[in-house]
Amino acid sequence: MRVLSKAILAGTVLAMAMGAAQAVDPDDAIDYRKGVFQVFVWNMGPMGAMASGDRPFDRDVLAMHAEQLNRVADMPWQGYVDGSDLGNTGALPAVWTNRARFDQLAEEFQQATANLMTAVESGAGERELRGAVGAVGRSCRTCHDDFRQ
Ligand code: HEC
């Protein structure tokens, strides 16, 4: 009997947790993904400036930002939930009407940050690192061109 009631309780808790996971408030999802993009730009800004020569090249600083950006590169996309096309968002409706392409660009972006990490970890030279940062920057722009207002 005790075992049975424990099983029922566990089932109830699980059902409640699943219900909570489904009921994502679209406004919270928008805030969430925009917050992650602030993390993106915080890390990309200094690296982009180094790549373009606007800021002195510093391998350690670049390595730190590359690692941080790579760590969060998969995070914004889960915020594009149903219903979050409306509201205080800078996303174009194309995210929802052309989701396959959006997902593909998100995937390519993660590949670009992973490639940058590989370059950092393999001790690549300054020119190669600038190139890898440039590829990440182009990946940001490619997606913004089609999916951001
Ligand atoms: C796969 C698509 C995609 C990629 C890759 C991408 N973005 Fe974005 N970005 C968006 C979309 C869509 C928005 C609109 C925000 C929203 O959903 O409300 C956005 C918004 C932003 C914003 C504004 C957030 C706000 O507060 O409104 C910043 C800053 C930003 N992106 C920076 C970057 C940087 C830097 C990179 C690359 C390191 C990047 N993004 C890569 C799609 C992308």
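Thresholds applied
Residues numbered from 1 in each chain as written. Predicted model: local features only at pLDDT ≥ 70, side-chain atom pairs only at ≥ 80, totals over all residues. Helix = DSSP H or I, 4+ residues; strand = E, 2+ residues; numbered from the N terminus. Buried ≥ 20, exposed ≤ 12 C-beta atoms within 10 Å, placed from the backbone. Contact = placed C-beta atoms within 7 Å. Axes fitted to C-alpha atoms, helices over the stretch in contact; angles between N-to-C directions. Parallel < 35°, antiparallel > 145°, perpendicular 65-115°, else oblique. Left-handed = near helix turned anticlockwise from the far one by under 90°. Nonpolar A, V, L, I, M, F, W, Y, C, P; charged D, E, K, R; others polar. UniProt positions renumbered as here; feature names shortened; annotations may be inferred. Core = buried A, V, L, I, M, F, W, Y, C linked by C-beta atoms within 7 Å. Near = placed C-beta within 6 Å.

- Labelled according to an unreviewed UniProt entry, the protein appears under the name Cytochrome c556, originating from Ectothiorhodosinus mongolicus.

## Let's talk about the overall build of the protein
Logical step 1: Helix and strand counts for the protein stand at six helices and zero strands.
Logical step 2: Listed by position from the N terminus, the elements making up the protein come as α-α-α-α-α-α.
Logical step 3: With 149 residues in all, the protein has 21% of them scored as buried.
Logical step 4: Sequence-distant contacts in the protein: of pairs separated by 6 or more residues, those separated by 24 or more amount to 72%.

## Thoughts on the packing of helix α5 (residues 99-121) against helix α6 (residues 126-147)
Logical step 1: Their axes nearest at 9 Å, the elements α5 and α6 cross at an angle of 165°. What the angle tells us is that α5 and α6 run roughly antiparallel. The crossing of α5 and α6 is left-handed. Here Phe-102, Leu-105, Glu-108, Phe-109, Ala-112, Thr-113, Asn-115, Leu-116, Ala-119 and Val-120 of α5 lie close against α6, whose contacting residues are Glu-128, Leu-129, Ala-132, Val-133, Ala-135, Val-136, Ser-139, Thr-142, Cys-143 and Phe-147.
Logical step 2: Counted by class, the contact of α5 with α6 contains 14 nonpolar, four polar and two charged residues.

## Quick look at the UniProt feature "binding site: heme c" (unreviewed entry) in the protein
Logical step 1: The feature "binding site: heme c" (unreviewed entry), as annotated in UniProt, sits at Cys-140, Cys-143 and His-144 in this numbering.
Logical step 2: By the secondary structure assignment, Cys-143 is in helix α6.
Logical step 3: Look at Cys-143 and you get partly exposed, because 18 C-beta atoms sit within 10 Å.
Logical step 4: Among all residues touching Cys-143, those that are not within four sequence positions of it are Leu-105 and Phe-109.
Logical step 5: Tracing the sequence through the fold places His-144 in helix α6.

## Some remarks on the packing of helix α2 (residues 26-52) against α6
Logical step 1: Their axes nearest at 9 Å, the elements α2 and α6 cross at an angle of 125°. On the basis of the axis angle, α2 is oblique to α6. Both α2 and α6 take part in a crossing whose hand is left-handed. Each of Met-44, Met-47, Gly-48, Met-50 and Ala-51 in α2 lies in contact with α6, whose residues at this interface are Arg-130, Val-133, Gly-134, Val-136, Gly-137 and Cys-140.
Logical step 2: The class makeup of the residues in the contact of α2 with α6 is seven nonpolar, three polar and one charged.

## Comments concerning the environment of Ser-84
Logical step 1: Along the polypeptide, Ser-84 turns up in the loop between α3 (59-72) and α4 (94-97).
Logical step 2: Counting along the chain gives 58 residues from Ser-84 to Pro-26, while the straight-line C-alpha distance between them is 4.6 Å.
Logical step 3: Setting aside residues no more than four positions away along its own chain, Ser-84 makes contact with Pro-26, Ala-29, Ile-30, Gly-79 and Thr-89.

## Quick look at the nonpolar core
Logical step 1: Core analysis: the biggest nonpolar cluster contains 17 residues, and Met-47, Ala-66, Leu-116, Leu-129, Ala-132, Val-133 and Val-136 have the highest contact counts within it.
Logical step 2: Considering every element that reaches this core, the biggest residue donor is α5, with five residues.
Logical step 3: If we skip the residues at most four places from it in the chain, Ala-66 touches Met-47, Leu-116, Met-117 and Val-120.

## Remarks on the site of the ligand
Logical step 1: Close contacts around the ligand come from 22 residues, with Thr-89, Gly-90, Ala-91, Cys-140 and Cys-143 the closest.
Logical step 2: Secondary structure elements with two or more residues in the shell around the ligand: α2, α5 and α6.
Logical step 3: Among the elements that make up the shell around the ligand, the one with the highest residue count is α2 (seven residues).
Logical step 4: The residue inventory of the shell around the ligand, partitioned by class, reads 15 nonpolar, four polar and three charged.

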